[in-house]
Protein chains: 2
Amino acid sequence: MSEDLDCLFQPKRVAVVGASTKPTNLGHMVVRNLLEGNFPGVVYPINPKHESIGGVPAFPSVAETPAVPDLAIICIPAKGVLDVVEQCAKLGTKGLIILTAGFRETGPEGRAVEDQIVETARANGMRILGPNCLGLQVPGLSLNASFAAHMPGAGHVAFISQSGALTAGAIEWAIGKGIGFSKIVSLGNAADVDLAAVLDYLADDEDTHSAVVYAESISDPQAFTSAAARFSAKKPIIAYKAGRFAASAKAAVSHTGAMAGADSVYDAAFERVGVTRVLRISDLYHAIELLDAGRVARQPSLAIVTNAGGPGVMSADALIARKGKLADLSQGTLDALNEVLPAAWSHSNPIDVLGDAPAARYQAAIKAAVADSNVDAVLVILTPQSMTDILGSADAVIEAAKTTDKPILGVWMGGGDTNEEAIARLDAAGVPAYEFPENAVDAFMDIVASHRGPLPSVSVTPADGFEPDRGRARELIASVPEEGVLSELAGKELFDAYGISVALSRLAATADEAVALADEFGYPVVIKIASPDITHKTDVGGVVIDVNSAEEVREVFARVVASAREKRPDAAIDGVTVQPMIPAGGQELILGSRQDPSFGAIIMVAAGGTSAEILGDSAIQLAPVDSDMALSMLKSLRIWPILEGYRGRPGADLDQLTTIIERFSRLVCEHPEITEIEINPVLASSPRGAIAIDARAVVDRDALANPPAPYSHLGIAVGQAPQA
Amino acid sequence: MSEDLDCLFQPKRVAVVGASTKPTNLGHMVVRNLLEGNFPGVVYPINPKHESIGGVPAFPSVAETPAVPDLAIICIPAKGVLDVVEQCAKLGTKGLIILTAGFRETGPEGRAVEDQIVETARANGMRILGPNCLGLQVPGLSLNASFAAHMPGAGHVAFISQSGALTAGAIEWAIGKGIGFSKIVSLGNAADVDLAAVLDYLADDEDTHSAVVYAESISDPQAFTSAAARFSAKKPIIAYKAGRFAASAKAAVSHTGAMAGADSVYDAAFERVGVTRVLRISDLYHAIELLDAGRVARQPSLAIVTNAGGPGVMSADALIARKGKLADLSQGTLDALNEVLPAAWSHSNPIDVLGDAPAARYQAAIKAAVADSNVDAVLVILTPQSMTDILGSADAVIEAAKTTDKPILGVWMGGGDTNEEAIARLDAAGVPAYEFPENAVDAFMDIVASHRGPLPSVSVTPADGFEPDRGRARELIASVPEEGVLSELAGKELFDAYGISVALSRLAATADEAVALADEFGYPVVIKIASPDITHKTDVGGVVIDVNSAEEVREVFARVVASAREKRPDAAIDGVTVQPMIPAGGQELILGSRQDPSFGAIIMVAAGGTSAEILGDSAIQLAPVDSDMALSMLKSLRIWPILEGYRGRPGADLDQLTTIIERFSRLVCEHPEITEIEINPVLASSPRGAIAIDARAVVDRDALANPPAPYSHLGIAVGQAPQA
């Protein structure tokens, strides 16, 4: 499947439609860029009015070129583009790069034309990059199919961006730094070829050893997660996602809505598929420098060699803040360092080679450090002091780097011309060099994090052989009233149908019925208002615990109903629910799901109790979640020690808890019509084991009437749905 | 008091002791630096062997110069320094800069010499910078009294550093950037003149409008906090503190020890005295760039002008992450922008002036933005696109900046020579320019935060007229057993003596006594093991709540004592304590204090309960804390909404709670012999109001025998102690 973008990335014959004699015109720039880039294939400028463009023979239309182009780069105004696409379709041209703007981004009319173009392309097996993009560059093939004036050298990092302006900036930056790329791709509107398609293609591209991504939105989550997981299983992906706070969560009805906002779902999705997310755009650039050097560290133990104590401590601070590790130097290494360093050296990591360190001392210290198997990489820091040989030390580091495959990073602090020259020398020699310690440490840690290997695969239907009662579940869901909120009772029965242990609870329409139920359960009981319209029952005085006698049941029934009527006169009230009281004292959790607009159904586990939203102690994953992943989610909570058992107190029944989460995920996966569902609380450590105490679910009645394709509401492709 | 450093910063006659003919020698460099810096005063090279140094007449000793030097810069080996200091003392030279290393940092012998030097200086009214430092620079006076080869231009930012290497780096960096300083001070060992002394001096220095500090440790906390508060009341201080994780907390006995680690005390101390802390050294440099520009924004509403959407969103992300604000543009501003921008502009902030923006469009947009009273500063972003005039746009921004006093910051993304030239032009014209949006936003937010004005002053003895029973308190503290841990009962009585409401509780040595107490209090009661050796009572099964009858009391007494004996056979057991049971359900807090080695007694308020340490929801302040500050601490907790009252649930009695904290602070302030004290929990919202349930205190028996000076254990100077 992944050769289909060859037409874009490996063309032999390239037509430039809209090639112009006017130097400021896009079409002119593209022709010039192809020729000045020394593209070894054929360039066909297309222009009906001119015989040549910049001396190169031009042709009146794509149909009249000497041979059929593989790739057409379209630079003419939007209104003529569809016509050209149709011509290309007839000819058999498979690749199109549409640089022209004026489509989807301008409104419904532009969108309609864009859709027609894509339809034509799909019907003819063509692939389109753009429209409204900067184009692409493949330095290794001398292909500058963009209107960016310059092209960096060949390298092994792919740069993929949803912003043309950012791409242009990155190109200039990389040239200044001497950094190379395997591919540079500006996605524009991504009408056809999107981030997923490019990642999928580049996963198999031998020239590409890593990808850095600037993303603004994800169009097709299943395609993205599949491609990213496939790519990240082999090589690093580092991504910056813009718009963290832009899509502010709408006023949320449930805790899940409030706690699992759009940005945290991006975190979860990237983590799930092995994409390392950076939160500062500068970190993306700093990572490129280290990736470009092509050396790999998979563990975070760093040796720091410095000619000043302060910056050594700063680097250690930055490292530990990122959960990296100061490498434990072996005795052999300490001995070796004692041989080559003056007696006053620090005798530990950071290795302070002292303020008067000549270049040779740096070299000797680095060689000793890289020989230590506890050291995954070396950070070399220089601050200019009176005796410091700024350039000579850079050269010495470069020499030392030649003796090892481990990453060597430089920090030449202090700026100024000589420092800049040293940094340029180091960069050019494959020793990425930075101005500040934290930049080097962050790049190191980001790239260690990005080497993950294959990710665990998770199935909707776990191996325990449990089969839910799907018929009953469907009936319960179908019973949803018009407002779309399932009753508490129906919700609990739904959980029961999926094998989730729930606190029994029955509806009592009258005080007499409530007393009868309480007598049946035994005292004490919990009484709650039953109304499809009241979500937060405690807010209307609708929950009373520890009701100890028939008399009290009557009194509470009257009080609860009266209070709800007074506070929510609009609400329909069915009576109360009665349930046996579960002893207090265990840790409460919230288990929730909602459908995220970008990544589909998500599963959230959070610390519960009245302070749940306030403390915001939550873990989010894309569905499906199995019991192993459920355990990882629980472990990532701050309250994990309580669940595990803390200071001699018993913990939760983790087997039962992870089973509940797994089955909850299964319920969510098998029912796209459930848009939001929550168990709040799950009592994680009652004497009766983990148990769901209260439930609520929101059902999309339209989806109920017209069921979506199985699993289409998930952000991860999971194969076939089971037969009921 | 603040003129006493004039001898260092404003000398007329400078002797260089150890001036040398050898160019690589410190003494030679210093003479050369003074002369090449065009120092307008007199330089006396001191060298017994040479008639001149670099053509300048030399003198055999400081005693033989034509006039008495104000300042002697000492570069001779450590062993001769004391002798020179004594000569200077005799002459009446008041200022000494000792560049020489080889003192305190080398061990006890070096420390002894250093101490002698300081003693001599103090006895003679002299001030010493160093030893083991780079020296100082005052560019405005053409005074380069350091061995750094170069000196930046004159400016209004003071740079104060505990690392000579970092100072050397900063000097090179500033020269490269064209940034000026009022003073550059390398503190070295800070044997006499420390950070506090320099801040105190510069607080009154009209040339200094702000200070940036690189700190490794604080030697005299009261001096530091006084000087920093005095400085920050007038002008910004921004500081980087190295060694966040170095001084790792020792295995902590109390929650306070575990939760209020050394680094969080630095946070608290800096915040208390108005010092803005940055956690990345690069942020210190980025802040210098903005401070150097000399424009002030006190509020965080930023207008963003950009020629590309992506970087605008990135900047907004960075701003909101730092709790800044995208300025709300007024209708008038929107109208003005509509006049000068093409129709497709973003029509909101960020102001996207579009990818084809010529220089004039930037200028017009900035002028419209700064005219809006909702806009505190403007961030201008340029990414190089095909039509972009990189330098012309920089010039246009510079022109626009001339029309306003508001800070204008530039971000020229993408690197490369032309971008670098643009950044240099902007920097030179007082528009600090950065490569990445987050750097500009962080600098902006740091400096907004650093304009605080006078800080609230806090007294140990609050205005409510309450006087503790000091006699009783002293007796209780003196009753501490040899192990230094006050019994729970004594601890509670101590709180009672300071007017803190406590849960009554009495010791019962036998089961019969326990029953008698329970009968007296009424059931249910709480029974706890009583042992001076057992800190965490629940860990040994030593706490039982809800004991409902005499029979149960007997059974619990036996069980609790047996369990404690089994789990802690080493512990002395006095019996149990009995107290009436306080109804559950309220929010628990921990109120604690410990003596921090850097900043003295601290007060901590934290969310309590069994999950206290796990959640780490705490606020820390230096003592003293009054009720206003106590309220601020409570408001900074994540659980504040619970204390305030949340979703219709009643909150805590805040008056009573803040009074408890205030009186707890008073207890701590008046008793330096208490090294650690904790109320855990304070029940914040019981029906009986806020109440202390359990107490523990550690007393330093040596301090009890030899009481320290009143309030000497506080990090903030608070005046006279009250008479008991």
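Just above, that's the structure.
In this report, the structure presented in the accompanying data block is examined. Being a predicted model, the structure only gives us computed values, none of them experimental. Position numbers for residues count from 1 along each chain, tracking the sequence in the order it is written. All chains are assigned letters beginning at A, and all ligands numbers beginning at 1, according to the order in which they are written. This being a predicted model, a pLDDT of at least 70 is required before a residue's local features are given, and a value of 80 or more before pairs of side-chain atoms are given or counted; all residues contribute to the totals for chains, interfaces and linings. Calculated side-chain values reflect all of the structure's heavy atoms, with hydrogen atoms and water omitted.

It is worth spelling out the overall build of chain A at this point. The way it works is that DSSP assigns letters per residue, a run of H or I at least four long becomes a helix, a run of E at least two long becomes a strand, and they are numbered from the N terminus. Looking only at helices and strands, chain A features 25 helices and 31 strands. The contact definition used throughout considers only heavy atoms, calling two residues in contact when any of these lie within 4.5 Å. Sequence-distant contacts in chain A: of pairs separated by 6 or more residues, those separated by 24 or more amount to 71%. Working definition of accessibility: Shrake-Rupley area with a 1.4 Å probe, residue cover restricted to the visible protein chains. Working note: accessible area of chain A is about 27,100 Å², and carbon and sulfur atoms make up 51% of it. Counted as positive: Lys and Arg. Counted as negative: Asp and Glu. His and the chain ends are not counted at all. A single reference atom marks each charge: NZ on Lys, CZ on Arg, CG on Asp, CD on Glu. Taken together, the 56 basic and 89 acidic charged side chains of chain A have centroids lying 1 Å from each other.

Further remarks concern the packing of aromatic side chains. Any two rings among Phe, Tyr and Trp, with Trp reduced to its six-membered ring, count as a pair given centres within 6.5 Å; such a pair is stacked if its planes are under 30 degrees apart, edge-to-face if over 60, and tilted if neither. For the structure shown, the criterion picks out 22 aromatic pairs over all chains. Arranged with centres 5.1 Å apart and planes meeting at 90°, the rings of Tyr266 of chain A and Phe599 of chain A form a pair that is edge-to-face. Here Tyr266 of chain A is found in helix α9 (residues 262-272), whereas its partner Phe599 of chain A is found in the loop between β26 (588-596) and β27 (600-607), with 333 residues between them in sequence. Ring geometry for Phe224 of chain B versus Phe270 of chain B: centroids 5.9 Å apart, planes at 45°, classification tilted. One end of the pair, Phe224 of chain B, is in helix α7 (residues 221-232); the other, Phe270 of chain B, is in helix α9 (residues 262-272), with 46 residues separating them in the sequence. Note on exposure labels: buried denotes an accessible area under 20% of the residue type's maximum, exposed denotes more than 50%, and partly exposed covers the range between, all computed with a 1.4 Å probe on protein chains only. Overall, the relative accessible area of 4% leaves Phe224 of chain B in the buried class.

Turning next to the sheet that holds strand β2 (residues 42-46) of chain A. Residue and element names in this part refer to chain A. When DSSP finds at least two bridges between two strands, those strands are taken to pair. In spatial order, the strands read β2-β1-β5-β6-β7; together these five strands make up an open sheet with parallel pairing. Every interior strand has two partners, whereas the edge strands, β2 and β7 (127-129), have only one. On average, each strand axis in the sheet is inclined to that of its neighbour by 20°, with strand direction left out of account. The pairing of strand β1 (residues 13-17) with strand β5 (residues 71-74) spans four bridges and is parallel. Paired with Ala15 across the strands is Ala72, a residue of β5. Interaxial angles span 0 to 180 degrees and are taken between N-to-C directions of axes, which are lines fitted to C-alpha atoms, for helices over the stretch in contact.

It is a general feature of regular strands that their side chains alternate between the two faces of the sheet. Residue and element names in this part refer to chain A. Counting buried positions along strand β13 (residues 237-241) yields five of five residues, so the element is predominantly enclosed. Residues Ile237, Ala239 and Lys241 of β13 are buried on one face, and the alternating residues Ile238 and Tyr240, pointing to the opposite face, are buried as well. Bridging between strand β12 (residues 210-215) and β13 involves five bridges; their strand directions are parallel. Across the sheet, the residue bridging to Val212 is Ile238, located in β13. Note on handedness: a clockwise path from strand one over the helix to strand two, with the strands aimed away from the viewer, defines a right-handed crossover. A crossover links β12 with its parallel partner β13, the connecting element being helix α7 (residues 221-232), and its sense is right-handed.

Taken together, the contact pairs 60 residues of chain A with 60 residues of chain B. Note on definitions: buried area is the accessible-area loss of two parts on being combined, 1.4 Å probe, summed for both. Summed over both partners, the interface of chain A with chain B comes to about 5,000 Å²; 62% of that surface belongs to carbon and sulfur atoms. Salt bridges are counted wherever a side-chain nitrogen of Lys or Arg sits within 4 Å of a carboxyl oxygen of Asp or Glu. Between the two partners, chain A and chain B, sit two salt bridges. Asp442 of chain A is the salt-bridge partner of Arg280 of chain B, the closest N and O atoms lying 3.1 Å from each other.

For the rest of this paragraph, the subject is the sheet that holds β12 of chain A. Residues and elements named next belong to chain A. Across the sheet, seven strands lie side by side as β9-β8-β11-β10-β12-β13-β14; this open sheet has mixed pairing. Each edge of the open sheet carries a strand with a single partner, namely β9 (143-146) and β14 (275-278). Taking each pair of neighbouring strands and ignoring which way they run, the sheet shows an average axis angle of 15°. One ladder, built from four bridges, connects strand β8 (residues 135-138) with β9; its direction is antiparallel. Within the sheet, the bridge partner assigned to Gly135 lies in β9 and is Ser146. Its contacts with the sheet put α7 on β12, β13 and β14, and the angle it makes with β13 is roughly 140°.

Our focus in this paragraph is the relation of the copies chain A and chain B. For the pair of chain copies, the relating transformation is a rotation about an axis with a translation along it. In this comparison the copies share one frame, found by least squares on the C-alpha atoms of residues holding pLDDT of at least 70 in both. Here chain A sits on chain B after a turn of 180° about the axis and a move of 0.1 Å along it, with an RMSD of 0.1 Å. Taken together, these values place the two copies in the relation of a two-fold axis. Proximity to the rotation axis, assessed at the C-alpha, singles out Leu615 of chain A in chain A; its C-alpha lies 4.3 Å from the axis. The residues that chain A uses at the interface reappear at the interface of chain B in 100% of cases, marking a shared surface.

A few words now on the side chain of Glu289 of chain A. Residues and elements named next belong to chain A. Here Glu289 is to be found in helix α10 (residues 281-293). The class of Glu289 is buried, set by a relative accessible area of 6%. Leave out the neighbours within four places in its chain, and Glu289 touches Trp173, Lys177, Ile179, Asp427, Pro432, Ala433 and Tyr434.

Attention now moves to a negative patch on the surface. Surface patches are drawn from residues lacking salt bridges whose relative accessible area is over 30%; two like charges belong together within 9 Å, two nonpolar side chains (Val, Leu, Ile, Met, Phe, Trp, Tyr) within 5 Å. Together, Asp417, Glu420 and Glu435 of chain A together with Asp417 and Glu420 of chain B line one region of the surface with negative charge. Secondary structure elements with two or more residues in the negative patch: α15 (417-428) of chain A together with α15 (417-428) of chain B. Position of Glu420 of chain A among the secondary structure elements: in helix α15.

Residues and elements named next belong to chain A. For the pair helix α12 (residues 331-340) and helix α13 (residues 359-370), interaxial distance at closest approach is 9 Å and the crossing angle is 170°. When the axes of α12 and α13 are compared, the pair comes out roughly antiparallel. Crossing hand, α12 versus α13: right-handed. Residue-level inspection shows Thr333, Ala336, Leu337 and Val340 of α12 in contact with α13, the latter providing Arg361, Ala364, Ala365, Ala368 and Ala369. Roughly parallel here means an angle under 35 degrees, roughly antiparallel means over 145, roughly perpendicular means 65 to 115, and every remaining angle is called oblique. The sense of a crossing depends on the near helix, which, turned anticlockwise from the far helix by less than a right angle, makes the crossing left-handed and, turned clockwise, makes it right-handed.

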